[in-house]
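# An overview of the molecular structure
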Amino acid sequence: MATGFHVADIVVFIITIVVSLGIGIYYAFSGGRQKTTSEYLIGGRRMGFVPVAISLLASFESSIMMLGLPAEGYFYGTQIMIMLVSGIFANLLAAYAMAPLIYSLKITSAFEYLDLRFQSKLVRRLGTAMGMLTYVWYMGIVLFGPAVALEAVTGFPLWISIISITVVSVIYTAVGGIKAVIWTDVFQCVIMFMGMFAILVKGTLVVGGAAKVWDVAMDGGRLELFNFDPNPLVRHTFWNLLLGSVARNMAFVFNQGTVQRICSTRNLKDARRVIFIVTPCFAFVTIVAVYEGVVAYSYFQTKGCDPLKAGKISNNNQLLPYMVMDIFKDLPGMPGLFLASLFSASLSTLSTGLSSLSAISLCDVIRPLLGDISEVKGAFFAKITVFLFGAIACGLAYLVALIGGTLHQISFSILASFSSPIAGLFMLGAFCPRVTAKGAFTGGVIGLLFSCWISFGMNFSPTVRPSQRLPPASTDHCSSSNSTFKIDILVRHNDVLEFDNMSSHSYPMAYTTDLPERMSESPLEGTAILYNLSYQWIPVIGLASTILAGYVTSLLTGANKPGDVDPRYLLEVSRSVTYFLPSSLQSWMSSCGTQFIKDEYKLKFSSPLLKEDGTALKSDNGVTSPMI
């Protein structure tokens, strides 16, 4: 076939699509048939914690992970796994701090919390806008990644990939609601694991065993884990990976998809179980994805033909699809399994984004505009927004083509500029009782503008210098055929590579004519310094600037006093963050800090937030917990 696929590959792929659609159609005609917003958006708050945990895990296992992390392991080594430390910390914070706070409020949109805490529609709208920007860009990146890789390596047309992923995801999300999203995620997670392990097993066997893979990778410098260089311009160091990932993972803690799944469980105990299951599983999947890149390097080094240096591919995100087509060329069905796993990764993330945007649109946009609409009308409007955001995601997928680099770097640098100020808003609300609505809004705007300015400068400024990669694999045994790649694909993918004898560098096509000037070692000046920071610092900048600006503004314009904020919207820092310390030490820290303030608040706010039957009660300041 022209695409390089056997009939068996097409059959495997079609089965995956049909099953995903079938799950959505089943839930469209079962149970309450998704006629109410409660069932459609949060599964009636009756979902089991195991499928919810698998769904949350699958939503993070996007094409960014399946293509981007192996490329990171291949071109930059295993140092990226330092992120796991911060990921574990963030997830534990979610279990012990965020889950009790959010679950007790019985909210559907994460940004309802901002309204409750700050008593400000303006702060809520700011958070809503940033949340929508985060998800639509995320979906665009997720759609573009597999499409561009498959088009270049297999001939599978880019526009067919983008449209087919979008259409399938929109259909089963729109008709089946969160239940369809969760259960298709479970199925797709199985497919993803099958595809990943098939590559690992086959690649390891071809190289000559796990020990040989390890030895080859060690000789190629791929197994470096700790680089303590304090230079903030270095792409990956222990410091920027640790701090950058902590800041970014804070955004995942307050992510709409996370909040929506936690609120769909039966009780707080199950909500915590979801996080406890996801934490080690996500760490394991990350290790497997990075190790795929190590196996790929050992495979091409053993074969004696680096595909990027030899011109077999033009973009580092095409590495894994090229390897799959090479090692499974004599095994019909296996390339189809990889295609199915890649599409499953995109489908799971896209459906999560669509469901989250649907909830945000209904709770934060439609209801405030139309007033108290019925449950049936609310569900109808929520379904319509799924189609709308699906179309927007398709358009953004083509814009992502203007950005070079691995999918991990693209997603981290762009998405963190929106999500880190969101995390800053939630942290100001939960941990800083003195912060006012005016301070939160000012901090959110400053954090958003500052992080977006630096992020877009990093991705589009001509002053950005290329990152140095590890030495490529050997090209001693590359065939002369297909040694060059089509120039039109190089231009579109914006990721041309030039190599010397010692290292490799990545340059956008527009600058290939002035390589000597771009490679000069002249000192960086002005904004060029900010644009050449490691992309890992973007979430740190967004989070820190939001919190700092918000706190300072509150102090300058009149901060809150004890008794001004309902304690049910606050988190006690010492108890939430120091849960791992002995109880005696926690008690001592509480007596010195926030517990005293919260006790003062309790004198003013003494009524429970919810009745025994779960219905909302108004607090003394007239705030009602939103219910669906």
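Residues numbered from 1 in each chain as written. Predicted model: local features only at pLDDT ≥ 70, side-chain atom pairs only at ≥ 80, totals over all residues. Heavy atoms only, no water.

## Some words on the overall build of the protein chain
- Each helix and strand in the protein chain was counted, giving 24 helices and 2 strands.
- Within the span of the protein chain, comprising 628 residues, buried residues form 61% of the whole.
- For the protein chain, the share of sequence-separated contacts (at least 6 apart) that also reach a separation of at least 24 residues comes to 83%. (Helix = DSSP H or I, 4+ residues; strand = E, 2+ residues; numbered from the N terminus. Buried < 20%, exposed > 50% of the residue type's maximum accessible area, 1.4 Å probe, protein only. Contact = heavy atoms within 4.5 Å.)

## Some details on helix H5 (residues 83-105)
- An ideal rise of 1.5 Å per residue puts 33 Å on 23 residues; H5 measures up with 31 Å between its terminal C-alpha atoms.
- Met 98 marks the point of greatest bend in H5, at about 45 degrees, and the proline Pro 100 comes within the next four residues.
- Looking one or two residues beyond H5, the residue adopting positive phi is Lys 106, at roughly 55 degrees. (Expected span 1.5 Å × (residues − 1). Bend = angle between axes of the 7 residues up to and from the residue.)

## Observations regarding unusual backbone geometry
- Backbone geometry at Lys 106 places phi at a positive 55 degrees, although glycine is not the residue there.
- With respect to the secondary-structure elements, Lys 106 resides in the loop between H5 and helix H6 (112-118).
- The class of Lys 106 is buried, set by a relative accessible area of 17%.
- Within the chain, Gln 119 stands out as a residue other than glycine whose phi angle is a positive 55 degrees.
- Looking at the secondary structure, you find Gln 119 in the loop between H6 and helix H7 (121-154).

## Considerations on empty space enclosed by the protein
- For the structure shown, the criterion picks out 4 cavities of 30 Å³ or more.
- In this model, the second largest cavity occupies a volume close to 270 Å³.
- Looking at the second largest cavity, it is lined by 22 residues, and the ones nearest its centre are Thr 134, Tyr 135, Phe 252, Asn 255 and Ser 419.
- At the level of secondary structure, the elements contributing two or more residues to the lining of the second largest cavity comprise helix H3 (49-60), H7, helix H10 (238-253), helix H11 (256-263), helix H14 (334-370) and helix H16 (407-431).
- Classifying every residue of the lining of the second largest cavity gives 11 nonpolar, 10 polar and 1 charged. (1 Å grid on protein atoms, 1.4 Å probe; cavity = no way out; pocket = protein on both sides within 12 Å on 5 of 7 lines; lining within 4 Å. Points joined across faces, edges and corners; volume = space filled by probe spheres on them. Nonpolar A, V, L, I, M, F, W, Y, C, P; charged D, E, K, R; others polar.)

## With respect to the packing of helix H8 (residues 158-207) against helix H13 (residues 319-327)
- Contact geometry of H8 with H13 gives a least axis separation of 11 Å together with a crossing angle of 60 degrees. In terms of axis orientation, H8 runs oblique to H13. Handedness of the H8/H13 crossing: left-handed. Between H8, through Ile 199, Lys 202 and Gly 203, and H13, the contact on the second element is made entirely by Leu 320, Met 323, Val 324 and Ile 327.
- For the contact of H8 with H13, the residue count by class is 5 nonpolar, 1 polar and 1 charged. (Axes fitted to C-alpha atoms, helices over the stretch in contact; angles between N-to-C directions. Parallel < 35°, antiparallel > 145°, perpendicular 65-115°, else oblique. Left-handed = near helix turned anticlockwise from the far one by under 90°.)

## Notes on a nonpolar patch on the surface
- On the surface, a nonpolar cluster with roughly 820 Å² of combined accessible area is contributed by Ile 25, Phe 29, Trp 159, Ile 160, Ile 163, Val 167, Ile 171, Val 175 and Tyr 398.
- Broken down by element, the nonpolar patch gets its largest block of residues, 6 residues, from H8.
- By secondary structure assignment, the location of Ile 25 is in helix H1 (residues 7-28). (Patch = residues over 30% accessible without salt bridge, like charges linked within 9 Å, V, L, I, M, F, W, Y side chains within 5 Å. Areas by Shrake-Rupley, 256 points an atom, 1.4 Å probe, with all protein chains shown as cover. Salt bridge = Lys/Arg side-chain N within 4 Å of Asp/Glu carboxyl O.)

## Looking at the pattern of salt bridges
- Going through the model one piece at a time under the given rule, you end up with 8 salt bridges.
- Note that Glu 72 is salt-bridged to Arg 235, the shortest N-O span being 2.8 Å. Here Glu 72 is found in helix H4 (residues 63-76), whereas its partner Arg 235 is found in the loop between helix H9 (210-219) and H10, with 163 residues between them in sequence.
- Looking at Glu 72, the relative accessible area reads 0%, which means it is buried.
- With its nearest N and O atoms 3.7 Å apart, the salt bridge here joins Lys 329 to Asp 326.
- Among the residues examined, Lys 329 registers a relative accessible area of 57% and is labelled exposed.
- Residue class for Asp 326 comes out buried when judged on its relative accessible area of 12%.

## Topic: the packing of aromatic side chains
- Applying the stated criterion across every chain yields a total of 18 aromatic pairs.
- Arranged with centres 5.0 Å apart and planes meeting at 45 degrees, the rings of Phe 228 and Phe 238 form a pair that is tilted. With Phe 228 in the loop between H9 and H10 and Phe 238 in helix H10, this pair connects stretches of sequence that are 10 residues apart.
- Taking the relative accessible area as the measure of exposure, Phe 238 reaches 17% and is therefore buried.
- Grouping aromatic residues by their ring pairs yields a cluster made of Tyr 74, Phe 75, Tyr 297, Tyr 299, Phe 300 and Tyr 322.
- A cation over an aromatic ring shows up here: Arg 235 above the ring of Tyr 76, its NZ or CZ 3.7 Å from the ring centre. (Phe/Tyr/Trp six-rings, centres within 6.5 Å; stacked < 30°, edge-to-face > 60°. Lys NZ or Arg CZ within 6 Å of the ring centre and 35° of its normal.)

## Section: the confidence of the model for the protein chain
- In the predicted model, the protein chain carries a mean pLDDT of 77, and 79% of its residues have values of at least 70.
- Per-residue pLDDT, averaged within each element of the protein chain, yields its smallest value for helix H18 (residues 487-493) (31) and its largest for helix H21 (residues 538-557) (94).
- This model gives residues 481-520 a pLDDT under 50, and the stretch forms 88 contacts once residues within four places in sequence are excluded. (pLDDT = per-residue confidence, 0-100.)

## Structural notes on the packing of H10 against H21
- As a packed pair, H10 and H21 sit with axes 7 Å apart at the nearest point and diverge in direction by 55 degrees. The orientation of H10 with respect to H21, classified from their angle, is oblique. For the pair H10 and H21, the crossing hand works out as left-handed. Contacts from Leu 243, Gly 244, Ala 247 and Arg 248 of H10 reach H21 at Pro 539, Val 540 and Leu 543.
- Class assignment for the residues of the contact of H10 with H21 results in 5 nonpolar, 1 polar and 1 charged.

## Quick word on H4
- The terminal C-alpha atoms of H4 lie 19 Å apart, and with 14 residues this matches the ideal 20 Å at 1.5 Å per residue to within 8%.
- The buried fraction of H4 is high, at 14 of 14 residues.
- Immediately beyond the C-terminal end of H4, within one or two residues, lies Gly 77, with a positive phi of roughly 90 degrees.

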